[in-house]
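Tertiary structure, described
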Amino acid sequence: MLSNTGEHNSATEKKVREAAAQMGYIKNTAAAELVQQTSHIIAVIVSNTKSNFSDSIISAIEDKAVKSNLDVFVLHADHEDTDSQVRAIKTVSERAVKGIILVSLELDDSVLQLLTEANIPCVCLSTDVKNTLFPFVTSDNFKMGYDATNFLIAQGHQKIGFAGIPAKGAVTKRTKGYVKCMQDHGLIVQPDWIQYGDFTYDDGIVAMTNYMHQSTIDAVVCASDLVGVGLMNTAIKAGIQVPADLSIISIDGTSLVDMVRPRLTSVTQQFYEMGQEGINFLLGEQRFKSKYLPFKIVERDSTKSVD
């Protein structure tokens, strides 16, 4: 009766609805959808890393969801903490959801097993999954690290640092790309040129502080735009001119790169397209297989050629 199905006496129906309103009744959508074997909810579990890369991904998912009469349920989990990921997955698994989109999470075997047992359509964005157990859409981390480094070398830089990159996980392929490019050009990477972190603004501050005390670098690849902004602000505050004294390129290419001065040269990823690909997969609108989306280097004001 409360779900507007079936035939009921109008007077009786009115009394039931009035009583329900007085009791604060809220329709249990999840239970109803489980009975009907349908769902209007897309669950998105996002890395809680303090970066802004996921904004465009979520925007794309929400834009498509609105057009498809779907609701989006967003949760956060630590990008490499199994317990927080398990809690998030169990939370959405207990609801009637149409599918799960995982954004930039490092998934170990126990989490992958839990997702398999949940038997809910699932796609991973901004990360790749070992053994291709679930479909994924991301950028090629190795190639981004390699190409960013190669761009700086082509400008004449030889003492190039890499800042704010995690020491483990799929993103370490960016570091491998950086190291391989340096080796291909006969350049030696000093141990303190690689400054580890977690993509945050503070990681940029710490990296630049360490560079000023330890290194003689003339360019830096930053693992995210936030790292790039933190590093650049710290350099400028210390009297280091960007790009006259130090060239900086960041990986991501979000809106941040145009908000700072000088504007950051970036390896620009297609985050909005990642979100579109993810929700289209769950809606079954296209044949799907895991893929790496193309990226491009956009030169702005934070890099310059050296003589």
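The rules behind these values
- Residues numbered from 1 in each chain as written.
- Predicted model: local features only at pLDDT ≥ 70, side-chain atom pairs only at ≥ 80, totals over all residues.
- Heavy atoms only, no water.
- Core = buried A, V, L, I, M, F, W, Y, C linked by side-chain atoms within 4.5 Å.
- Buried < 20%, exposed > 50% of the residue type's maximum accessible area, 1.4 Å probe, protein only.
- Helix = DSSP H or I, 4+ residues; strand = E, 2+ residues; numbered from the N terminus.
- Pairing = 2+ DSSP bridges.
- Axes fitted to C-alpha atoms, helices over the stretch in contact; angles between N-to-C directions.
- Contact = heavy atoms within 4.5 Å.
- Expected span 1.5 Å × (residues − 1).
- pLDDT = per-residue confidence, 0-100.
- Parallel < 35°, antiparallel > 145°, perpendicular 65-115°, else oblique.
- Left-handed = near helix turned anticlockwise from the far one by under 90°.
- Nonpolar A, V, L, I, M, F, W, Y, C, P; charged D, E, K, R; others polar.

The chain is annotated in an unreviewed UniProt entry as Transcriptional regulator from Paucilactobacillus wasatchensis.

If you look at the biggest cluster of nonpolar residues, it comprises 41 residues, and the most contacted ones within it are Ile160, Tyr211, Val220, Val221, Leu231, Leu246 and Ile248. Every element with two or more residues in this core is listed here: helix H6 (141-154), strand E6 (160-165), helix H7 (172-184), helix H8 (201-214), strand E8 (219-222), helix H9 (225-237) and strand E9 (247-252). In terms of nonpolar packing, the next biggest core, distinct from the first, is built from 24 residues, Ala43, Val111, Leu114 and Cys122 among them.

In space, the 6 strands of this open sheet follow the order E7-E6-E8-E9-E10-E12, with mixed pairing throughout. With partners counted over all chains shown, the strands left at the sheet margins are strand E7 (194-196) and strand E12 (296-298), one partner each. In this sheet, adjacent strand axes meet at a mean angle of 20° when their direction is disregarded. With 4 bridges joining them, E8 and E9 adopt parallel strand pairing. Looking at the pairing, Val221 lines up with Ile249 of E9. Helix-sheet contacts for H7 involve E6, E7 and E9, and the interaxial angle to E6 is about 175°. Each of E6, E8 and E9 is contacted by H9, which is oriented at about 155° to E9, the strand it contacts most.

This next bit is on helix H10 (residues 271-283). Helical geometry note: an α-helix holds 3.6 residues per turn, so side chains three or four residues apart project in the same direction. Between its first and last C-alpha atoms H10 spans 19 Å; for 13 residues at 1.5 Å apiece the expected length is 18 Å, and the two agree. Residues Phe271, Met274, Gly275, Glu277, Gly278, Ile279, Asn280 and Leu282 constitute the buried set of H10. Once H10 ends, the next one or two residues include Gly284, with phi positive near 65°.

Overall, the predicted model of the chain reaches an average pLDDT of 88, with 86% of residues at or above 70. This stretch, residues 1-8, has a pLDDT under 50; its non-local contacts, to residues over four places away or in other chains, come to 12 contacts. Per-residue pLDDT stays below 50 along residues 23-37; that stretch engages in 12 contacts with residues further than four places along the chain or on separate chains.

Two elements in contact, helix H3 (residues 54-67) and H10, have axes separated by 7 Å at closest approach and are oriented at 40°. Overall, the two elements H3 and H10 adopt an arrangement that is oblique. H3 and H10 meet at a crossing whose hand is right-handed. Residues Ser56, Ile57, Ser59, Ala60, Ile61, Asp63, Lys64 and Ala65 of H3 form the contact with H10, whose participating residues are Phe271, Tyr272, Met274, Gly275, Gln276, Ile279, Asn280 and Leu283. Looking at side-chain class alone, the contact of H3 with H10 contains 9 nonpolar, 5 polar and 2 charged residues.

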